[in-house]
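Read off the chains here:
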Amino acid sequence: MAGGGRPWSDTIPLLDSSARFSSVEMATAVPLHVPRRSVFLGVDVGTGSARAGLFDEDGKLLGSASSPIQIWKEGDCVEQSSTDIWHSVCAAVKSACALANVAGVEVTSLGFAATCSLVAVDSEGSPVSVSWSGDSRRNVIVWMDHRAVKQAERINSYNSTVLQYCGGALSPEMQPPKLLWMKENMQESWSMVFRWMDLSDWLSYRATGDDTRSLCTTVCKWTYLGHAHMQQIKEKDSRDMEACGWDDDFWEEIGLGDLVDGHHAKIGRSVAFPGHALGSGLTPTAAKARNFELGLVAGTPVGTSLIDAHAGGVGVMESVPVSDPEGNCCSLDEEAICRRMVLVCGTSTCHMAVSRSKLFIPGVWGPFWSAMVPEYWLTEGGQSATGALLDHIIENHVASPRLANRAATQGISLFQLLNKILESMMHDMGSPFLAALTDDIHVLPDFHGNRSPIADPKAKGIVCGMTLDTSEKQLALLYLATVQGIAYGTRHIVEHCNAHEHKVTLPTTQDFPLVGSCSQFVSSGLELEVLAPTWAVAAYWKQRGSDVNATHSGCYPIMMPRESESVLLGAAILGAVAAKKYSSLSEAMKALNAAGQVVHPSKDPKVRKYHDAKYRIFRELYEQQLSHRSIMAQALA
C-alpha cells in the first residue's frame, strides 16, 4: 500500500485535505481572481550539486539554479550527507523561483531525479552513518563508491536468475553489494537502519512522508522484477501497488534475508510507476518557507521519482524536429523510439535504449520493464567516468592553472579555450581535420572501471603516447584524445547492443525526411555546470562523438534537446503527471519534449577511416590490459 511512511515531523503530522488547504490559505493568501499559471518544478540531485528547474506548459525552461553538495572521498569510499543534500535542494528551489520570478503558489507540481546513491536512515528519519569515520552526517553511499567490489563478485558467483536482468552480473555500483558490505563491516549501523533508500526515493519521502518506492530505482538498482506488474498496468489501481517483484530466495542466498522481513519494509513495501502521485503531496514541514525547506505550498503534488539518467531519457525521448527541409511537420511512429539511444552526459554517461521485447545483452544492464518509458523494456549501458574523467585529465596537468587564468581573463570557459587552441593548432600544423591532431595519442577511458559493455570494474585507464611536453598545447591534445576515447566507448556500446537485436539505427523509410529526426539523442545536464560551464562545450563534445559514431552502421547524427536541462525537464514531467495535468507519462513526454540543434557527422571518408583506425586501437588497448594482468598474475602466483 502507498502512503505507509511516517511524516518527517512528530509535531506536524500529515493533515487531511481540508485541514491542509485551510492552513495553506492562511500562509499564502492569494486573491481568487488572480489567474494562476501552471509551473512544473523539477529537482535533480547530481554528484556535485542539487539543481532545480521551472518549466511552463510548453516545456520551456523559465529558470534554473544549483547549489553545491559536500562529498567525502577516501579510497574506494565516496560518501555524502542527506541533510546537506536536502539543504542544497531547498536552496536551489528558492533560487530558481527567484530567478524565474515564480511565486511558490504558482508551482503546481514537483518531481525528483537523483543519482542512484544509497541512503540510510533510522526509524525517526535521521541519518545513520555508512562511513568508517563514524560521522553520522555521512549516511549516503554515493553511486560511484566501489567499496563493494568483492561483495559484487560473491553475489555474482551464485548465478541467481535475477542477474539475467542486470546484464548477467551486478555492478558494485548497485545496491545489493553495498548493502552486503554494510552488513559485513558496520554491524552497529546495520542494526540501526530502519529504511535503506535510493536517493531519489528518499527525496520523495522527505518531501511527502510517503515511503512508496519507484519502479525505476528498485528495478534498475535493487534487482526488483518489475515485470511482475505487467498484468496490472491496465487495472484501475495499477499505479499504487504492493511490492510483488522481490525475489526472496535471492536475498536469502546472498546473506541478506533479514531485508525480506516485514514485507520488505526496509527496502520497499510499496512500488509504483514513475509519476504516481505520492501521499497528500508536500507536507507542511517540507513546504514551509523557512529553516531550509522549499518555500512552496503544502499539498503540492509530488510524483514518484526517477534515476537522473532515466529522467534525462523522459526529457528527450519523444522529441521530434520542428519540420523537414520542405517545411513539413515530422512525427514519430509508435516504434520510432526503439531506434533511438539517449545519451545522458555528466559525471558519468548513461546510454538508454528501449524495446517492445526483452533483450538480454551481456555486460549491459537490463532488460528493465517500465523503468523509464511505461510498457517498454529498458536497456542501460554506461561509462562510469566521462565528465569526471575530463576534469581529472585537465586539473592534474601542470598547464591547467595557466590556462584557467587565461580563460578567466578572456571571459570564457577553460573548455572553450582548449577548443580554440586545437583549432589554431589544426591550421598551424596543416592538419587535414581537427581529429587528426591525436594520431599518436590514444586514451582508454576506463579510469573508474568499465560499466558497459565489458562490465569489468577492475579495468584501468590507459594513456598511450605521452612525452615530456608539459605545454598548453599538449594538454589540449590530451583533452581531445580523452573526448575521442569517451566517444569510442559509446560506439562500442552501440555496436554491442545492435549485435544483440537492438535497432539503434537511422530509419530506412521516409518516416523522417529530415535526418535530424535521428537515432541518438544527447541529454546534457547532470553536472554540466561543474564539468562544462557552457552549452557550447557540450556541443563541441557531441560533435566529436557524432564524428566517431559515423563510422559504422550508417551515419549517426545527434539531436540535442531544445532545453539543455533535460534531466530537470524529465523530473518536472513526473510532477505534471502526478498533478493530473496529463493522463500518462507518455502523453506528457509528447507534449513537453522538444528538439533543438542537430549535429551531423562528417561525410569526409578520410575522417571515417581515421576514426576506424583509432577505434581499433581503442579496442586493442583493453585486450593488452588483459594480457598484462595475466602476465603479472602468473608472476605473483
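Everything that follows concerns the structure shown earlier in this document.
Nothing here was measured: the structure is a model prediction, and the numbers come from that model. (Residues numbered from 1 in each chain as written. Predicted model: local features only at pLDDT ≥ 70, side-chain atom pairs only at ≥ 80, totals over all residues. Heavy atoms only, no water.)

Trainee: I'm lost on the overall build of the chain in this one. Help?
Mentor: The helix and strand inventory of the chain stands at 20 helices and 22 strands. The buried share among the 637 residues of the chain stands at 60%. Within the chain, residue pairs in contact and separated by at least 24 positions form 74% of the contacts whose partners lie at least 6 positions apart. Carbon and sulfur atoms provide 54% of the accessible area of the chain, an area that totals close to 24,300 Å². (Helix = DSSP H or I, 4+ residues; strand = E, 2+ residues; numbered from the N terminus. Buried < 20%, exposed > 50% of the residue type's maximum accessible area, 1.4 Å probe, protein only. Contact = heavy atoms within 4.5 Å. Areas by Shrake-Rupley, 256 points an atom, 1.4 Å probe, with all protein chains shown as cover.)

Trainee: Please explain the sheet that holds strand β4 (residues 72-74) as it appears in this structure.
Mentor: Adjacent strands of a sheet form backbone hydrogen bonds with each other and so pair up, either parallel or antiparallel. An order of β4-β5-β8-β7-β9 is seen for the 5 strands of this open sheet, with the pairing classed as antiparallel. The outermost strands of the open sheet, each flanked by one partner alone, are β4 and β9 (195-198). Relative to strand β8 (residues 140-141), strand β7 (residues 118-121) runs antiparallel, the two sharing 2 bridges. Among the inter-strand pairings, L118 is bridged to a residue of β8, identified as I141. Together, β7 and β9 form the strand contacts of helix α6 (residues 199-208), whose direction differs from that of β9 by roughly 110°. (Pairing = 2+ DSSP bridges. Axes fitted to C-alpha atoms, helices over the stretch in contact; angles between N-to-C directions.)

Trainee: Would you mind going over the environment of S357 with me for this structure?
Mentor: Among the structural elements, S357 can be located in the loop between β15 (349-355) and β16 (365-369). Its relative accessible area of 43% is what places S357 among the partly exposed residues. It is 9.5 Å that separates the C-alpha atoms of S357 and L378, two residues lying 21 residues apart in sequence.

Trainee: Sorry if this is basic, but what is going on with the packing of aromatic side chains here?
Mentor: Centre-to-centre distance and the angle between the planes together describe a pair of aromatic rings. Applying the stated criterion to the full structure yields 15 aromatic pairs. Residues Y165 and F360 carry aromatic rings whose centres are separated by 5.3 Å and whose planes lie at 70° to one another, so their mutual orientation is edge-to-face. Of this pair, Y165 sits in the loop between α3 (149-157) and α4 (175-185) while F360 is found in the loop between β15 and β16, placing the two residues 195 residues apart along the sequence. Judged by its relative accessible area of 35%, F360 is partly exposed. With a centroid separation of 6.3 Å and an interplanar angle of 50°, the aromatic rings of Y488 and Y615 are classed as tilted. With Y488 in helix α15 (residues 472-499) and Y615 in helix α20 (residues 605-636), this residue pair connects regions lying 127 residues apart in the sequence. Classification of Y488 by relative accessible area gives buried; the value is 2%. Accessibility expressed as a relative area gives 6% for Y615, which makes it buried. (Phe/Tyr/Trp six-rings, centres within 6.5 Å; stacked < 30°, edge-to-face > 60°.)

Trainee: Got a minute to help me understand the packing of α3 against α4 in this structure?
Mentor: Between two packed helices, the angle of one axis relative to the other and the distance separating the axes together describe the packing. Put simply, α3 and α4 touch, their axes get as near as 8 Å, and they point 115° apart. On the basis of their axis angle, the class for α3 and α4 is roughly perpendicular. Crossing of α3 over α4 shows right-handed handedness. Along its contact with α3, which presents Q151, A152, R154 and I155, the element α4 presents P176, P177, L180, W181, E184 and N185. Split by residue class, the contact of α3 with α4 holds 6 nonpolar, 2 polar and 2 charged. (Parallel < 35°, antiparallel > 145°, perpendicular 65-115°, else oblique. Left-handed = near helix turned anticlockwise from the far one by under 90°. Nonpolar A, V, L, I, M, F, W, Y, C, P; charged D, E, K, R; others polar.)

Trainee: How should unusual backbone geometry be read in this particular structure?
Mentor: Trans peptide bonds make up the majority, and among non-glycine residues the majority have a negative phi. Backbone torsion omega between G366 and P367 reads 5°, so that peptide bond is classified as cis. Position of P367 among the secondary structure elements: in strand β16. Omega for the bond connecting S452 with P453 falls within 30 degrees of zero, at -5°, which places this linkage in the cis form. Summarising the element assignment, P453 is placed in the loop between β18 (442-444) and β19 (462-464).

Trainee: Is there a simple way to explain a negative patch on the surface in this structure?
Mentor: A cluster of acidic side chains, namely D248, D249, E252, E253 and D261, defines a negative patch on the protein surface. Per-element accounting of the negative patch gives the leading share, 4 residues, to helix α8 (residues 248-253). Within the secondary structure, D249 sits in helix α8. By relative accessible area, D249 is classed as exposed at 61%. (Patch = residues over 30% accessible without salt bridge, like charges linked within 9 Å, V, L, I, M, F, W, Y side chains within 5 Å. Salt bridge = Lys/Arg side-chain N within 4 Å of Asp/Glu carboxyl O. Lys, Arg positive; Asp, Glu negative; His and termini not counted. Charge placed at Lys NZ, Arg CZ, Asp CG, Glu CD.)

Trainee: I would appreciate a short explanation of the sheet that holds strand β6 (residues 107-114) in the present structure.
Mentor: Reading across the sheet, the 5 strands line up as β3-β2-β1-β6-β13 and stay open at both edges, with mixed pairing between neighbours. Strands with a single pairing partner mark the edges of an open sheet, and in this sheet they are β3 (61-68) and β13 (302-307). Strand-to-strand twist across the sheet, computed as the mean angle between neighbouring axes with direction ignored, equals 20°. The sheet contact formed by β6 and β13 spans 4 bridges and is parallel.

Trainee: Could you clarify how one ought to interpret the state of the cysteines in this entry?
Mentor: Note: disulfide means a covalent bond formed between the sulfur atoms of two cysteine side chains. Across all of its chains, the model carries 0 disulfides by this definition. Among the cysteines around C116, which has no disulfide bond, C350 carries the closest sulfur, lying 7.4 Å off. Summary of cysteine pairing: C216 is not part of a disulfide, and the nearest cysteine sulfur, belonging to C220, is at 4.5 Å. For C216, a relative accessible area of 0% gives the class buried. (Disulfide = S-S within 2.5 Å.)

Trainee: I'm lost on the nonpolar core in this one. Help?
Mentor: Of all hydrophobic cores here, the largest spans 84 residues; its most connected members are L179, W196 and W251. Looking at this core, the element that brings in the most residues is helix α18 (residues 566-578), giving 9 residues. Domain assignment of the residues forming this core places at least three in each of domain 1 (39-315) and domain 2 (336-541 + 554-561 + 603-628). Once you skip the residues sitting within four places of it in the chain, W196 turns out to touch L118, V119, A120, V130, L179, M182, W190, R213, W222, L259, K266 and I267. Within the second largest apolar cluster, 40 residues are counted, among which are L54, L199, Y205 and A207. (Core = buried A, V, L, I, M, F, W, Y, C linked by side-chain atoms within 4.5 Å. Domains from an automatic or database assignment.)

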